[in-house]
Amino acid sequence: MMDQCSVEELYEAFAVLAGSDPDHCSYPKGYMKRQAVFACNTCVQADMEPAGVCLACANACHDGHDICELYTKRNFRCDCGNEKFHGFKCKLHTDKEGQNKKNPYNHNFFGRYCSCDRPYPDDGDQVNEEMIQCIVCEDWFHEKHLEGPAVDCDALMEMICVGCMNRAPFLWTYAAHFAVSPLNKQSLCKEQTNADMMTEEKGKCLHTSGQDTPSTSSYCQQEETTAGATGHTSSPDSAPMCLAQQPSKVTECILNDLKAKDAAGARAGAVFWPYFWRAKLCTCTDCKRMYVEAGVPFLLDESDTLLAYEEKAKAESLTSEELLLSCLTSLNHVQQLEIIYQYNDLKHELREFLQQSENQRKDVTPEALREFLEELQTRKKRRLN
């Protein structure tokens, strides 16, 4: 029987892929808020500029190539077939600009990770421990290179590496009040559990008499900011209390209030955050400007989180995927991912085969299907890094 951890890992892998379109290049959609991204080591080698491709292009344009999975990336536009590929053309969308200048790149696009700049899996590392992704730079880190102990708490959702904390130093003030450390993880984990109702009541504000407390005010501000960022506005029916409580202008800075409480902590090592911490960020004009200057305005967008992306994908996933999960009980995580990729390849190729048969008005006979499967089996499969 597959244990619960393995099932969750499989669902997570499905969610990463299911959240992206496997058939159509994502380039026309522009810089997508979040999507699965891949690097092709066959087309873009170490001495070239980094480039990434979407899921559909990884399947259709780079089938049989040495593909490196980069998990998901924020605000990324597909590079497949642009000038970084030196003449290689995208099969799904040919009309592309020379470069996507707003794309963020790092050493992950060449198969290297962490401050140690090593590959994963690493043949030179006998342990090959799992890695943790920073939500700001989106690089992956070994626990031993976080410059501090990792915190094991079910309520934890996000990690920010020490480099990104220092590039946005105001986050240290929030960390002193809201982050989870090895010393206070028990109390904060309990606080996360008791605060589940806040997630279930997302989009609503607590009704209080008199003036709002700072935490309630910040939550209302966050909801308004998220609605503006996604292009949707709350209807009167969905959040009447929020509209009633929302002040016409933010007059107090939550960050300054936190600084005045003098809860300064050690400014070292990666920081682990509970799920609700983004709702605690101040949204006054000065702080919003500070987020932009530090390159982290996305922290105000709750839909930016990987959890939000995965939950949306899971909700849209097919029931046939649940059937596949039950067949993978004896495989390790790497093998499970390989099967998932092959499953997506088979689904894509089978769809094309059936469409071609319909266009040519051919019957799908057992012999034709056997020939299709034999031809598919002879093709070189992608190697996952």
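Residues numbered from 1 in each chain as written. Predicted model: local features only at pLDDT ≥ 70, side-chain atom pairs only at ≥ 80, totals over all residues. Heavy atoms only, no water.

### Some points on the packing of aromatic side chains
In the structure shown here, the tally under the stated rule is 10 aromatic pairs. When the ring of Phe-353 is compared with that of Phe-372, the centres are 4.6 Å apart and the planes differ by 20 degrees; the resulting orientation is stacked. With Phe-353 in helix H13 (residues 333-359) and Phe-372 in helix H14 (residues 366-378), the pair connects residues that are 19 residues apart, well separated along the chain. In this structure, Phe-353 and Phe-372 share a single accessibility class: buried. Grouped by ring-pair contacts, the aromatic residues Phe-76, Tyr-105 and Phe-109 constitute a single cluster. Above the plane of the ring of Phe-298 lies Arg-74, whose end atom (NZ or CZ) is 3.6 Å from the centre. For Arg-77, the ring lying beneath its charged end belongs to Tyr-27, and the centroid distance is 3.8 Å. (Phe/Tyr/Trp six-rings, centres within 6.5 Å; stacked < 30°, edge-to-face > 60°. Helix = DSSP H or I, 4+ residues; strand = E, 2+ residues; numbered from the N terminus. Buried < 20%, exposed > 50% of the residue type's maximum accessible area, 1.4 Å probe, protein only. Lys NZ or Arg CZ within 6 Å of the ring centre and 35° of its normal.)

### Looking at the confidence of the model for the protein chain
Within the protein chain, residue pLDDT values average 75, and 68% of them lie at 70 or more. By mean pLDDT, helix H8 (residues 240-245) is the weakest element of the protein chain at 37, and helix H10 (residues 285-294) is the strongest at 96. Contacts from residues 183-191, a stretch scored under 50 in pLDDT, to residues over four places away or in other chains number 10 contacts. Of the regions scoring below 50 in pLDDT, residues 380-385 engages in 26 contacts with residues more than four places distant in sequence or in other chains. (pLDDT = per-residue confidence, 0-100. Contact = heavy atoms within 4.5 Å.)

### Thoughts on the pattern of salt bridges
As enumerated under the stated definition, the model contains 11 salt bridges in all. Linking Arg-74 and Glu-138 is a salt bridge whose minimum nitrogen-to-oxygen distance equals 3.9 Å. Taken as a pair, Arg-74 in strand S2 (residues 67-76) and Glu-138 in the loop between strand S3 (131-133) and strand S4 (140-142) lie far apart in primary sequence, 64 residues in all. Since its relative accessible area comes to 5%, Glu-138 is described here as buried. One salt bridge in this structure joins Asp-304 and Arg-74, with 2.7 Å as the shortest N-O distance. (Salt bridge = Lys/Arg side-chain N within 4 Å of Asp/Glu carboxyl O.)

### Here we look at unusual backbone geometry
The amide bond that connects Tyr-120 to the next residue, Pro-121, takes the cis arrangement and shows omega of -5 degrees. For Pro-121, the location among the structural elements is in the loop between S2 and S3. Even without a glycine there, the phi angle at Glu-138 is positive, about 65 degrees. The backbone phi angle of Arg-361 is positive, close to 55 degrees, even though this residue is not glycine. Within the fold, Arg-361 resides in the loop between H13 and H14.

### Notes on the environment of Pro-297
Mapped onto the secondary structure, Pro-297 falls in the loop between H10 and helix H11 (306-316). Measuring from C-alpha to C-alpha, the distance between Pro-297 and Cys-287 comes to 9.8 Å, with 10 residues separating the pair along the chain. Discounting chain neighbours no more than four positions away, the residues touching Pro-297 are Tyr-291 and Val-292.

### Re the nonpolar core
Formed by 52 residues in total, the largest nonpolar core has its most connected members in Ile-160, Tyr-174, Trp-273 and Tyr-291. The element best represented in this core is helix H4 (residues 171-178), accounting for five residues. Look past the residues within four positions of Ile-160 in its chain and what remains in contact with it is Cys-134, Ile-135, Val-136, Met-165, Leu-171, Ala-270, Val-271, Trp-273 and Trp-277. Formed by 25 residues, the second largest nonpolar core is a distinct cluster that contains Cys-25, Ala-51, Val-53 and Cys-90. (Core = buried A, V, L, I, M, F, W, Y, C linked by side-chain atoms within 4.5 Å.)

### Structural notes on the side chain of His-107
Mapped onto the fold, His-107 is located in the loop between S2 and S3. Engagement of the side chain of His-107 in a polar contact is seen with the side chain of Asp-117, the distance being 2.6 Å. (Polar contact = N/O pair within 3.5 Å; in protein donor to acceptor, adjacent residues only side chain to side chain.)

### Digging into a nonpolar patch on the surface
Taken together, the side chains of Leu-346, Leu-350, Leu-354, Val-364, Leu-369 and Leu-373 present a nonpolar region at the surface, about 440 Å² in accessible area. Elements with a minimum of two residues in the nonpolar patch: H13 and H14. It is H13 that provides the largest number of residues to the nonpolar patch, a total of three residues. Locating Leu-373 in the fold gives a position in helix H14. (Patch = residues over 30% accessible without salt bridge, like charges linked within 9 Å, V, L, I, M, F, W, Y side chains within 5 Å. Areas by Shrake-Rupley, 256 points an atom, 1.4 Å probe, with all protein chains shown as cover.)

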